[in-house]
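Close look at the chain arrangement
Now for the letters of each chain:
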Amino acid sequence: MISSKMPNPLPIEESMREKMETLEKLGNTTLWRPHGEEYRTSEWYTGSGEITSDDGGLSFEVTATYQLKAEVKLVKGVFEVANPILADVYRSRGRCVAIVDQTVDELYGKSIRHYFDAHEIPLELLSCRAWESDKNPDTVHKLLAFLGKDGCDVSRNEPVLVIGGGVLSDVAGLACALQHRRTPYVMIGTTVVAAIDAGPSPRTCVNGAQFKNSIGVYHPPVLTLVDRSFFRTLAKGHIRNGMAEIIKMAVTDDLSLFELLEKYGKRLIETHFATVNADAELEEIADEVIYKALYAYMKHEGTNMFETYQDRPHAYGHTWSPRFEPAAKLMHGHAVTIGMAFGATLANEMGWLSLADRDRIINLCQELGLSIYHPILEDTEIMIQGQKNMRRKRGDGGLWAPLPSGIGACDYAREVPPEALATAVAQHKAVCEQLPNQGAGEEMYLSDLGLE
Ligand SMILES: NC(=O)c1ccc[n+]([C@@H]2O[C@H](COP(=O)([O-])OP(=O)(O)OC[C@H]3O[C@@H](n4cnc5c(N)ncnc54)[C@H](O)[C@@H]3O)[C@@H](O)[C@H]2O)c1
């Protein structure tokens, strides 16, 4: 029933009116108030809801949903003046407020500035150092000072442009989420990790004291542009690091992607994803690999906005690693492949995965120079603590560790008892001892790439 105190009821769609009338007939007192489109100011977010009171007049319940539109596009030459995509986003807003990774600014700042100059769009750009050690609340405060009243004073519907790697996408995404409680942003991931995983991800965050990425909110970019030409300047160690997140989706969701990695993975690393010394065929393969990885990831992650469902294949390799990665100062990708290889051994121990498929996963990681073992796995306290933290993070209903049940498929281990964990670690150590470098990868530590 619409309250008589409401002076001008908003237009209500016919179907809603019918619903209200039916409820009214049933003696319920429900007010359903969809918001009028003429009052909407955001292009990307909509909200609607229902408020239901019981007959006693002392309590009521609100059910609300919000919907967002998040687009992901593979593009070429995003800062070539002839490319209209960004100009089309920012021209009508009269300016572009951008946060750019400091290294990316050094390498590409000139073209970024030239692009906006050529389109006569004023650019307000903050160059931000974004090392793993900068992934903390202080950096978020710095970004908020830039975005806020004493800085650029962004409007709540003005998409901030974020250009950089996974560290920047996590911290800048979080700053945007906090600014006006939800300010949209456009993401251009300039590393492989940011392009196919961290960039479009709804998860924005900073690191907690002992557990990575533990403080943050869900706030995906409204538009993600993936332009692999940025990878030409990326250190090979970072290209390899990004491969880990692609392997993760291949193993758990897409056999055809796994096969492409077996065939072309090494060449993709050597040619910086077909941006250096590559032919047209490899360029096509590079786009296909990126597209398949992105699609598989967003199919699961982008549609599970608040991680309320724990059937999340992309968490493969990320169950124990958030605890041991910072402790061992590992590159994120190497920590993930250690987690994945260990997960493959565990899945084999549990009867989920054949020995041949376990070895195929381990071989692919090794072939690409990624780590599959680190002695930190033997630190029972860290592993158990990691499990405990993860159970809490995933909602206390279980551990829900994704483990492969074949190549291109996975299932979820609700619990991994400490004895099973210890047996699998011993087994995994025995497997890796037979391998070259005992399972250590190339440039596996943060310090190897000067990122500490
Ligand atoms: N939110 C998520 O869902 C999610 C998913 C995966 C990873 N992550 C996070 O992402 C982070 C890792 O991201 P990353 O691997 O992109 O590392 P990164 O952001 O540290 O970038 C790596 C290095 O490359 C530099 N760089 C960036 N683009 C470049 C380019 N085109 N050319 C040359 N140098 C360039 C950066 O300045 C940095 O020094 C981790 O903190 C991880 O936790 C988050």
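As shown above, the structure is provided for reference.
Because the structure is predicted, anything quoted here is derived from the model rather than measured.

**A few points about the site of the ligand**
- Around the ligand sit 29 residues in total, of which Glu132, Lys135, Gly166, Thr190 and Thr191 are the nearest.
- With respect to the ligand, the side chain of Asp170 contributes an N or O atom lying 2.8 Å from a nitrogen atom.
- The side chain of Thr190 places a nitrogen or oxygen atom 2.7 Å from a nitrogen atom of the ligand.
- Protein coverage of the free-state accessible area of the ligand, which is 870 Å², stands at 94%.

**Points about the packing of helix H7 (residues 236–253) against helix H8 (residues 255–270)**
- H8 packs onto H7 with a crossing angle of 170 degrees between their chain directions and a minimal axis gap of 9 Å. Classified by the angle their axes make, H7 and H8 are roughly antiparallel. Residues Lys236, Ile239, Arg240, Met243, Ile246, Ile247, Met249, Ala250, Val251 and Asp253 of H7 lie in contact with H8, whose contacting residues are Leu255, Leu257, Phe258, Leu261, Gly265, Leu268, Ile269 and Glu270.
- Residue classes in the contact of H7 with H8 are distributed as 13 nonpolar, one polar and four charged.

**Quick look at the packing of aromatic side chains**
- As enumerated under the stated definition, the model contains 12 aromatic pairs in all.
- Centroid distance Tyr291 to Tyr295: 5.9 Å. Interplanar angle 25 degrees. Geometry classified as stacked. Taken together, the residues Tyr291 and Tyr295, both in helix H9 (residues 280–301) and four residues apart, mark about one turn of the helix.
- Of the aromatic side chains, those joined through ring pairs into one cluster are Phe79, Tyr90, Tyr108, Tyr115, Phe116 and Phe230.
- Sitting over the ring of Trp131, Arg129 keeps its end group 3.9 Å from the ring centre.
- Geometry around Tyr45 places Arg182 over its ring, the cationic atom sitting 5.7 Å from the centre.

**Some thoughts on the pattern of salt bridges**
- In the structure shown here, the tally under the stated rule is 27 salt bridges.
- With a shortest N-O distance of 2.7 Å, Asp134 and Arg129 are connected by a salt bridge.
- On the accessibility criterion, Asp134 (11% relative accessible area) is buried.
- In this structure, the salt-bridge partner of Glu262 is Arg360, at a minimum N-O distance of 2.8 Å. Here the residue Glu262 occupies a position in helix H8, and Arg360 occupies one in helix H12 (residues 355–367), the gap between them amounting to 98 residues.

**As for the packing of H7 against helix H11 (residues 332–349)**
- Interhelical geometry of H7 versus H11 gives an angle of 35 degrees and a closest axis separation of 7 Å. At the point where H7 passes H11, the crossing takes the left-handed sense. For the pair formed by H7 and H11, the contact residues are Arg240, Asn241, Ala244, Glu245, Ile247 and Lys248 on the first element and His332, Gly333, His334, Val336, Thr337 and Met340 on the second.
- Of the residues belonging to the contact of H7 with H11, the class tally is four nonpolar, five polar and three charged.

**Side note on the pairing of strand E5 (residues 96–101)**
- Burial of E5 is extensive: six of the six residues sit out of reach of the surface.
- Neither face of E5 is open: one carries Cys96, Ala98 and Val100, the other Val97, Ile99 and Asp101, and all of them are buried.
- Bridge count for E5 against strand E6 (residues 123–128) is six bridges, and the pairing is parallel. For Val100, the partnering residue across the bridge sits in E6 and is Ser127.
- Tracing the backbone out of E5, into helix H3 (residues 102–118) and back to the parallel element E6 gives a crossover that is right-handed.
- Inspection of the sheet shows E5 paired to strand E7 (residues 160–164) by three bridges, in the parallel sense. Bridging from a neighbouring strand, Ile99 pairs with Val162 of E7.

Conventions adopted
Residues numbered from 1 in each chain as written. Predicted model: local features only at pLDDT ≥ 70, side-chain atom pairs only at ≥ 80, totals over all residues. Heavy atoms only, no water. Near = heavy atom within 4 Å. Polar contact = N/O pair within 3.5 Å; in protein donor to acceptor, adjacent residues only side chain to side chain. Areas by Shrake-Rupley, 256 points an atom, 1.4 Å probe, with all protein chains shown as cover. Axes fitted to C-alpha atoms, helices over the stretch in contact; angles between N-to-C directions. Helix = DSSP H or I, 4+ residues; strand = E, 2+ residues; numbered from the N terminus. Parallel < 35°, antiparallel > 145°, perpendicular 65-115°, else oblique. Contact = heavy atoms within 4.5 Å. Nonpolar A, V, L, I, M, F, W, Y, C, P; charged D, E, K, R; others polar. Phe/Tyr/Trp six-rings, centres within 6.5 Å; stacked < 30°, edge-to-face > 60°. Lys NZ or Arg CZ within 6 Å of the ring centre and 35° of its normal. Salt bridge = Lys/Arg side-chain N within 4 Å of Asp/Glu carboxyl O. Buried < 20%, exposed > 50% of the residue type's maximum accessible area, 1.4 Å probe, protein only. Left-handed = near helix turned anticlockwise from the far one by under 90°. Pairing = 2+ DSSP bridges. Right-handed = clockwise from strand over helix to strand, strands pointing away.

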